[in-house]
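# Summary of structural features
So the chains spell out like this:
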Amino acid sequence: MSDLQWITVARQSDLIAESGIAVWTPAGPAALFYLPGSKQPLYAIGHYDPIGKANVLARGIVGDIKGELVVASPLYKQHFSLSTGQCLEDETVSVPTFEVQRDGDDIKLGIRVKQVEGCAA
Amino acid sequence: MAKKNLIVIGNGMVGHHFLEQFADTPAAADYTIHVFGEEPLIAYDRVHLSEYFGGSTHADLAMGTADQYTEKQIQLHLDEQVTDIDRDQREVITPKGRYRYDAVVLATGSYPFVPPIQGNDQPHCLVYRTLADLDAIRASSEGVKRGVVVGGGLLGLEAANALKCLGLEAHVVEFAPRLMPVQLDSDGGTLLRRKIEELGVQVHTEKATTEIVAGDEHRLRMNFSDESHLEADLIVFSAGIRPQDTLARSCGLEIGERGGIVIDDYCTTSDPQIFAIGECALWSNRIFGLVAPGYTMARTASARLNQDTEASFVGADMSTKLKLLGVDVGSIGDAHASTPGARNIRFNDEQAGTYGRLVISEDGKKLLGAILVGDNGPYDTLLQYALNGIDLPANPEVLILPASEGGAPTLGPDALPETASICSCHNVTKGDICCAIDAGCTDLGAVKSQTKASTGCGGCSALLKNVVDAELEKRGVEVSKDICEHFAYSRQELFHLVKVNGIRTFHSLIEQYGKGHGCDICKPTVGSILATCWNEHIMATDHVPLQDTNDTFMANMQKNGTYSIVPRVPGGEITPDKLIVLGEVAKEYNLYTKITGGQRIDLFGATLSELPEIWEKLIAAGFETGHAYGKSLRTVKSCVGSTWCRYGVQDSVGMAIRLEDRYKGLRSPHKIKFAVSGCTRECAEAQSKDIGVIATDKGWNLYVCGNGGMRPRHADLFATDLNDEQLISAIDRVLMFYVRTADRLQRTSVWMENMEGGLDYLKDVVLNDSLGIGEELEQHMASIIGTYQCEWKSTVEDPEKRKRFREFVNDERKDPVQHWVEERGQRRPAPKAETETA
Ligand code: SRM
Ligand SMILES: Cc1cc2nc3c(=O)[nH]c(=O)nc-3n(C[C@H](O)[C@H](O)[C@H](O)COP(=O)(O)OP(=O)(O)OC[C@H]3O[C@@H](n4cnc5c(N)ncnc54)[C@H](O)[C@@H]3O)c2cc1C
Ligand code: SF4
Ligand code: FES
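About the thresholds
Residues numbered from 1 in each chain as written. Chains lettered and ligands numbered in written order. Predicted model: local features only at pLDDT ≥ 70, side-chain atom pairs only at ≥ 80, totals over all residues. Heavy atoms only, no water. Helix = DSSP H or I, 4+ residues; strand = E, 2+ residues; numbered from the N terminus. Buried < 20%, exposed > 50% of the residue type's maximum accessible area, 1.4 Å probe, protein only. Contact = heavy atoms within 4.5 Å. Areas by Shrake-Rupley, 256 points an atom, 1.4 Å probe, with all protein chains shown as cover. Salt bridge = Lys/Arg side-chain N within 4 Å of Asp/Glu carboxyl O. Near = heavy atom within 4 Å. Polar contact = N/O pair within 3.5 Å; in protein donor to acceptor, adjacent residues only side chain to side chain. Nonpolar A, V, L, I, M, F, W, Y, C, P; charged D, E, K, R; others polar. Domains from an automatic or database assignment. Axes fitted to C-alpha atoms, helices over the stretch in contact; angles between N-to-C directions. Parallel < 35°, antiparallel > 145°, perpendicular 65-115°, else oblique. Pairing = 2+ DSSP bridges. Buried area = accessible area lost by both parts, 1.4 Å probe. Phe/Tyr/Trp six-rings, centres within 6.5 Å; stacked < 30°, edge-to-face > 60°. Lys NZ or Arg CZ within 6 Å of the ring centre and 35° of its normal. Expected span 1.5 Å × (residues − 1).

### Some thoughts on the overall build of chain B
Check the secondary structure of chain B and you find 26 helices and 38 strands. Across the 838 residues of chain B, 52% fall into the buried class. Taking the contacts inside chain B whose residues are at least 6 apart along the sequence as the reference set, 61% of them involve residues at least 24 apart. Here chain B has roughly 36900 Å² of accessible surface; of this, 48% comes from carbon and sulfur atoms.

As structure tokens, this is what we get:
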């Protein structure tokens, strides 16, 4: 396994409360969600929707299903857990998750994956 | 413990269905199952037999495969006729051997009846029942001209169609004075005959064939009792069916007077070890010559073998709906009015070529039967009235009158028959949904995961919800109107809470009246309510997280994550200069262009970051957003109207533009579509719209609550000869009342159908102001119109809002997973397979 690498992907002012933005990482596109009121305000998962097969997850609606924080894919509406990346409708499908932290004005993602080009399928 | 032996005799439609049903039940484990079929081919769909001449093969028609049988451990013996049953030894006998049994299911079907006419056994005298029969007909038809079918019933007409498909000149000879004597009356039969003759099939009624001899010009000659004759190269007998009960007779089971193996309500014959199902079985002195009753018998026998005494066969409805040679024919219940005191309503439109007859009970309340020829449109509704004994409306004739005369009342979800397809993606019928509910599903979610309904394109979700709610309510389950787990309120209740308490954000609503974070159901709903109530910009910070991506980015997301752009073209009228701008912009950004069904132009394939740039150019050229993404007014279609058209009586384009400008941007429970036609020819198709306006000599006729889409519905005539101001005030009120009281994702049609009192109530509220809210509705509409802003205009002008359109906030690169191919001179998304390997 490669080392955890912290990289700055956005500034605080880029975040949209209760919603997501897409960022580019060496491990491919990631979706970064900001829930100001919650215990854990920042979540990051893959931006690529493995069911709709497009980079769209940051553009989904954020919410909770039976207490689990999720984003609904804007393409075919499946829900993905923000903390585990698991798809709620299909247990065989999940997306990668990333550790996130705030450092002053910078938002950083912990990337563990080796350097890859192209999409994060 | 040694397994018992179950033997199924007959591998036809019903026998196959039995195996399918039984193999998955617990009792199947106790048996070794053998099935014997006399035909050399595995069970196939006889109902669609005629498609064999249209190019289908046995494989297309087959109902299962040998592998599937093997998988279910069923031993299949094809081309092996059972010749006897030895009930003392409990053995089934075939030319290949003897097989011990503990239980037998007879599913031997029926055989075509060939009338005892002298000469009926020569070559080229054939029948129409099996694939082998069809091969024989095909062989016989080679190089000859004329085929004659004896029998003008349902199967005879099918056979005639088949002869036509083979390129023969087709004739039908019927003994009775009309076609389909069992299902139709004389007017219906006459019309059907006319239509069929128009299609080139010659019909000869009241002809009794006395002998078949050699012909002069054709191979054979049929002599009739009235001294006339008809020559033919081949003759197909289709004069009815007889139950195949030979085996049952020879082993001494009880047989009906006119044939058929006698069964009780559990499909048991006079020998409790032997069941009979399908067309060979005689229940209560009746044979059922349709598949559906046979399938019910199959399920009953299977349940019985599982010691389930609840299941029983108690007869079946023999109503039929067919397309014969392309002509609609429907026959329901007591079509011949044989019930004492029955009364008739007939509507015979020789001009349009449609015939409808209602048979009504003496007290005028119930529908006993019906006949339809030429148009089966009302069939489902009529069947529902007849089967469920629903009280008829005061003026039942509207049920068969052409829809334009006020429109036939429909019945909401209950009007749909069990066989109605609810979800076409997953082929789920209303019956499947009822089964799922009966099997324990108690809410929409459970029905969805059980049947898969509404998990494809999602287009059926509103209809599915209606059906599920109605069915649950029928079973006494209290249906939660809560919109989701976060709010214990319906959309209408939320609307009131927002309005009455002046709530302006989702956050304060959920804090006061809900729980959790919300979800993709309640957020957009509340977003839409807030927009209707306060009409703030949908891109306002508080509202952004509430919207579906289409609303957030004010464009429709496409399958590859790009977006489409649809500028408003009010009334479909556009200047050459504007057309040029659209062309130029499309060219610059390499957008695929297409004329939509709503009289405007859609530009596809823009990336997120290109959207504001493109809109900047469009707005500079005078375009506005077309709200193609919103639950709001889409288009007002128009025809060219009195300005150019020689028939136009009013300026339909002018009115369409006025209406489109007035209601653009109005947020509503679902999308709203309008159309305005300049005269009664109705070129704008206004009667298929939520709001339809048709010009008259004196003003405008207003139609409401029409729908295209999944479940089309003609709009209802609402008011006549209105002047411009009256028209607009009526539309203001209808729309505002809809926006306030409809459920989430409910089109106006469903809203009205679900409203107690329906159209009359709506008229009362809008035209007579029965609730005294007319003024208020109009004022509310006026305030929304007053605060309209093109949301794209304010977005491109605001750098903060534009930031939302960056593909990646930290990188300028384009989305790496978009792949394109070129087709017909434009680019489009590459098919999935290519994308995946790319
Ligand atoms: C572009 C267009 C097809 C075309 O190439 O002509 C179209 C495209 C879509 N239609 Fe449509 N409909 C289009 C005319 C229609 C029409 C015809 C009409 O308006 O005269 C109908 C039937 C009339 C009606 O609505 O009563 C129609 C009935 C639907 C329905 C079914 C609605 C229903 O009540 O059953 C849906 C699904 C829905 O809204 O839930 C739908 C949904 C859609 C969506 C939004 C599906 C989606 O979510 O991606 C498509 C988005 C296209 C896009 O990205 O721009 N579209 N759609 C037409 C756009 C018209 C316009 O200028 O705005
Ligand atoms: C052209 C045509 C169109 C039709 N259209 C419709 C329609 O639109 N709607 C509708 O509901 N119904 C329709 N039907 C009727 C429908 O096909 C029958 O109701 C259905 O096939 C009955 O199924 P079954 O299993 O009882 O009989 P079958 O399908 O006839 O199967 C009986 C099988 O048992 C075999 N068999 C008989 N005796 C023995 C034996 N001793 N040993 C071994 N095997 C034996 C036969 O060879 C046959 O394969 C149509 C029928 C035809 C011919
Ligand atoms: S444009 Fe309309 S009809 Fe065509 S595929 Fe899309 S939703 Fe279906
Ligand atoms: S999901 Fe039901 S019709 Fe598409």
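### Examining the overall build of chain A
Looking only at helices and strands, one finds 0 helices and 11 strands in chain A. Sequence-ordered secondary structure for chain A, helices as α and strands as β, is β-β-β-β-β-β-β-β-β-β-β. In chain A, which comprises 121 residues, the share counted as buried stands at 57%. Surface exposure of chain A reaches about 5400 Å², of which carbon and sulfur atoms provide 48%.

### With respect to the pattern of salt bridges
Residue and element names in this part refer to chain B. Using the criterion set out here, one finds 50 salt bridges over all chains in the structure. Note that Asp 245 and Arg 249 form a salt bridge whose closest N and O atoms lie 3.1 Å from each other. Note on Asp 245: relative accessible area 6%, which makes it buried. The partly exposed category is assigned to Arg 249, whose relative accessible area is 47%. Salt bridges sharing common partners tie together Lys 430, Asp 438, Glu 471, Lys 474 and Arg 475.

### Side note on the site of ligand 2
All names here are of chain B. Taken together, 29 residues lie near ligand 2, and Val 14, Glu 39, Arg 46, Arg 129 and Glu 279 sit nearest. Within the contact set of ligand 2, a nitrogen atom lies 3.0 Å away from a backbone nitrogen or oxygen of Val 82. Note that an oxygen atom of ligand 2 is positioned 2.5 Å from one of the side-chain N or O atoms of Glu 279. Among the elements of the structure, helix 1 (13–23) and helix 5 (154–165) are those that each provide at least two residues to the shell around ligand 2. Taken together, the residues that form the shell around ligand 2 break down as 12 nonpolar, 11 polar and 6 charged. The residues that make up the shell around ligand 2 include at least three from each of domain 1 (4–111 + 243–305) and domain 2 (115–233).

### Structural notes on the side chain of Glu 174 of chain B
All names here are of chain B. On the secondary structure map, Glu 174 appears in the loop between strand 11 (169–173) and helix 6 (186–198). From its side chain, Glu 174 meets the backbone nitrogen of Ala 176 in a polar contact 2.8 Å long. Sequence-distant contacts of Glu 174, defined by excluding residues within four places in its chain, comprise Gly 151, Gly 152, Gly 153, Pro 181, His 204, Thr 205, Glu 206 and Lys 207.

### Let's talk about the packing of helix 13 (residues 491–501) of chain B against helix 20 (residues 724–741) of chain B
Residues and elements named next belong to chain B. For the pair helix 13 and helix 20, interaxial distance at closest approach is 7 Å and the crossing angle is 100°. Classified by the angle between their axes, helix 13 and helix 20 sit roughly perpendicular to one another. Contacts between helix 13 and helix 20 involve Arg 491, Gln 492, Phe 495 and Lys 499 from the former and Val 739, Arg 740 and Thr 741 from the latter. Split by residue class, the contact of helix 13 with helix 20 holds 2 nonpolar, 2 polar and 3 charged.

### Description of the sheet that holds strand 14 (residues 220–224) of chain B
All names here are of chain B. Reading across the sheet, the 3 strands line up as 13-14-15 and stay open at both edges, with antiparallel pairing between neighbours. Because the sheet does not close on itself, it has two edges, and the strands there are strand 13 (209–214) and strand 15 (229–232). Direction aside, the axes of adjacent strands within the sheet are offset by 20° on average. In the sheet, strand 14 pairs with strand 15 via 4 bridges, with the strands oriented antiparallel.

### A few points about the site of ligand 1
Residue and element names in this part refer to chain B. By nearness alone, 21 residues border ligand 1, and Gln 558, Thr 596, Gly 597, Arg 600 and Gly 708 come closest of all. Contacts to ligand 1 include Gly 597, whose backbone N or O atom sits 2.5 Å from an oxygen atom. One of the backbone N or O atoms of Met 710 is found 3.1 Å from an oxygen atom in ligand 1. Every element with two or more residues in the shell around ligand 1 is listed here: strand 31 (601–606) and strand 32 (633–638). A per-class count over the shell around ligand 1 returns 2 nonpolar, 11 polar and 8 charged.

### Things to note about the side chain of Ser 319 of chain B
Residue and element names in this part refer to chain B. Among the structural elements, Ser 319 can be located in the loop between helix 8 (291–305) and strand 21 (320–324). Among the residues examined, Ser 319 registers a relative accessible area of 11% and is labelled buried. Here Gly 333 takes part through its backbone nitrogen, which lies 3.2 Å from a polar atom of the side chain of Ser 319. Setting aside chain neighbours within four positions, we find Ser 319 in contact with Leu 290, Ser 331, Ile 332, Gly 333, Tyr 379 and Leu 383.

### Section: the interface of chain B and chain A
A common way to report how large an interface is uses the accessible area buried once the components associate. Taken residue by residue, the interface counts 37 residues in chain B and 39 residues in chain A. Roughly 2900 Å² of surface becomes buried between chain B and chain A when both sides are summed, with 55% attributable to carbon and sulfur atoms. At the boundary of chain B with chain A, the tally comes to 2 salt bridges. As a salt-bridge pair, Lys 77 of chain A and Asp 548 of chain B come within 3.4 Å of each other at their nearest N and O atoms. There are 15 residue pairs in polar contact (both at pLDDT 80 or more) connecting chain B and chain A.

### What to know about the packing of aromatic side chains
How two aromatic rings sit relative to each other is set out by the distance from centre to centre and by the angle between their planes. All names here are of chain B. Counted according to the given criterion, the structure contains 18 aromatic pairs over all chains. Ring geometry for Phe 36 and Tyr 99: centres 4.7 Å apart, planes at 65°, overall edge-to-face. Here the residue Phe 36 occupies a position in strand 2 (residues 31–36), and Tyr 99 occupies one in strand 6 (residues 97–100), the gap between them amounting to 63 residues. Using a relative accessible area of 18% as the deciding quantity, one classes Tyr 99 as buried. Counting every residue linked through ring pairs, the aromatic cluster contains Phe 553, Tyr 563, Trp 615, Trp 792 and Phe 805. Above the ring of Tyr 266, the side-chain terminus of Arg 304 is found at 4.1 Å from the ring centroid. For the cation-ring pair, Arg 504 lies above Trp 534, with the distance from its terminal atom to the ring centre recorded as 4.5 Å.

### Here's the deal with helix 15 (residues 522–534) of chain B
Taking 1.5 Å per residue, 13 residues should reach 18 Å; helix 15 of chain B reaches 18 Å between its end C-alpha atoms and fits that length. For helix 15 of chain B, the buried fraction is high: 12 of the 13 residues fall into the buried class. Regarding helix 15 of chain B, the residues found buried are Cys 522, Lys 523, Pro 524, Thr 525, Val 526, Gly 527, Ser 528, Ile 529, Leu 530, Ala 531, Thr 532 and Cys 533 of chain B. Close packing links the buried residues of helix 15 of chain B with strand 7 (61–65) of chain A together with helix 13, helix 14 (506–513), helix 20 and helix 23 (774–786) of chain B. Taken from the residues just after helix 15 of chain B, Asn 535 of chain B is the one with a positive phi, measuring 50°.

### Section: the sheet that holds strand 1 (residues 5–11) of chain A
All names here are of chain A. Read from one edge of the open sheet, 6 strands run 1-11-10-4-3-2, paired in antiparallel fashion. Edge positions in the sheet fall to strand 1 and strand 2 (19–25), since each has one partner strand and no second. With direction set aside, neighbouring strand axes in the sheet form an average angle of 30°. The pairing of strand 2 with strand 3 (residues 28–34) spans 7 bridges and is classified as antiparallel. In the sheet register, Ile 21 faces strand 3, and the bridge partner there is Leu 32.

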